[in-house]
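Analysis of the macromolecular model
Each chain, letter by letter, is given below.
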Amino acid sequence: MPGKRKPHHLAASAATEIHNSDWFIPQCGSINVFSRDQLQIALQNLGWRKIGQGGFSVVLQHDHRPWLLKIFDNSNQRWLDFIWWARDHADNPHIIRTQGDLIPVTPDFWTVRVEPLECIYHDSFFLRYVDPKLLRSIKHSRHTVMALHHIAENRSWLCQQWPQLAEVLHGLEIVLGNPVLDLDITNIMRRGDTLVYTDPV
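Residues numbered from 1 in each chain as written. Predicted model: local features only at pLDDT ≥ 70, side-chain atom pairs only at ≥ 80, totals over all residues. Heavy atoms only, no water.

Attention shifts here to helix α7 (residues 163-175). When the terminal C-alpha atoms of α7 are compared, their 19 Å separation across 13 residues agrees well with the 18 Å that a helix rising 1.5 Å per residue should span. A positive phi of about 85° marks Gly-177, the residue just after α7. (Helix = DSSP H or I, 4+ residues; strand = E, 2+ residues; numbered from the N terminus. Expected span 1.5 Å × (residues − 1).)

Take a look at the structure:
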């Protein structure tokens with residue numbers, strides 16, 4: 001009988017299927033597992049590159065794919081709850097959009113395809129909307145990134161400028177058990193002139 005396939009071979013097989021297929025159906029089963037890092041390496045060998053990383057996830061991009069791939073630990077229950085809620089409220093423009101299903105690749109981590117968005121680091125986007133008085137009130141406001149961080153965390157101002165964003169934040173607080181949502185410049189991106197909330201943790 002042929003021996004059990006090694007984890008890096010399984011990761012390479014899964015990566016190839018994720019890369020080539022419109023719909024990824026895991027073939028590895030729940031016994032022969034591999035790590036998130038092994039899958040990431042296998043995807044990078046197929047031309048994917050890492051463009052973002054958090055405590056529970058990594059985001060990859062490929063030049064010939066119109067979507068990004070997020071690989072995330074299924075222990076991050078708050079993000080799972082968030083993305084299921086986001087898919088049910090896809091009509092709200094301030095929620096990140098997904099394509100296809102959330103796929104459990106192994107018992108430990110999942111993948112999902114998400115839309116590419118623009119970062120607001122070193123960006124004049126926010127500053128077009130900001131009252132000069134607000135900017136002057138920010139300590140070290142001469143540093144754009146410092147100013148953007150302050151503005152991104154100013155929930156009342158954000159919700160005044162984009163009322164539908166208030167609906168997103170209120171709905172998430174109900175779904176996630178009224179947590180303190182992570183309003184950070186890294187979790188708020190933009191689709192054109194629209195702010196998009198991407199991660200509550």
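On to the confidence of the model for the protein. Looking at the protein, pLDDT values average 75 and 68% of them are 70 or higher. At the low end of the mean pLDDT range in the protein sits helix α5 (residues 144-152), at 60; at the high end sits strand β2 (residues 57-61), at 91. Taken as a whole, residues 23-32 scores under 50 in pLDDT and shows 19 contacts with residues more than four places along the chain or in a different chain. (pLDDT = per-residue confidence, 0-100. Contact = heavy atoms within 4.5 Å.)

Tallied over the entire structure, the rule returns 6 salt bridges. Among the salt bridges present, the one from Arg-36 reaches Asp-73, with a minimum N-O distance of 3.0 Å. Linking Arg-36 in helix α2 (residues 36-44) with Asp-73 in strand β3 (residues 68-73), this pair joins segments that are 37 residues apart in sequence. Given the relative accessible area of 14%, Arg-36 is considered buried. (Salt bridge = Lys/Arg side-chain N within 4 Å of Asp/Glu carboxyl O. Buried < 20%, exposed > 50% of the residue type's maximum accessible area, 1.4 Å probe, protein only.)

What follows deals with the sheet that holds strand β5 (residues 109-114). Ordered in space as β1-β2-β3-β5-β4, the 5 strands form an open sheet in which the pairing is antiparallel. At either end of the open sheet lies a strand with only one pairing partner, and these are β1 (49-53) and β4 (98-104). Taking each pair of neighbouring strands and ignoring which way they run, the sheet shows an average axis angle of 20°. Pairing between β3 and β5: 6 bridges, direction antiparallel. The residue bridging Ile-71 from the neighbouring strand is Thr-111, located in β5. Packing of helix α3 (residues 77-88) onto the sheet brings it into contact with β3, β4 and β5, and relative to β4 it is tilted by some 145°. (Pairing = 2+ DSSP bridges. Axes fitted to C-alpha atoms, helices over the stretch in contact; angles between N-to-C directions.)

What follows is about the packing of α3 against α7. As a packed pair, α3 and α7 sit with axes 11 Å apart at the nearest point and diverge in direction by 130°. When the axis of α3 is compared with that of α7, the two are oblique. In the packing of α3 onto α7, the handedness of the crossing is right-handed. Along the contact surface, α3 presents Asp-81, Phe-82 and Trp-85, while α7 presents Glu-167, Val-168, Gly-171, Leu-172 and Val-175. Its residues assigned to classes, the contact of α3 with α7 shows 5 nonpolar, 1 polar and 2 charged. (Parallel < 35°, antiparallel > 145°, perpendicular 65-115°, else oblique. Left-handed = near helix turned anticlockwise from the far one by under 90°. Nonpolar A, V, L, I, M, F, W, Y, C, P; charged D, E, K, R; others polar.)

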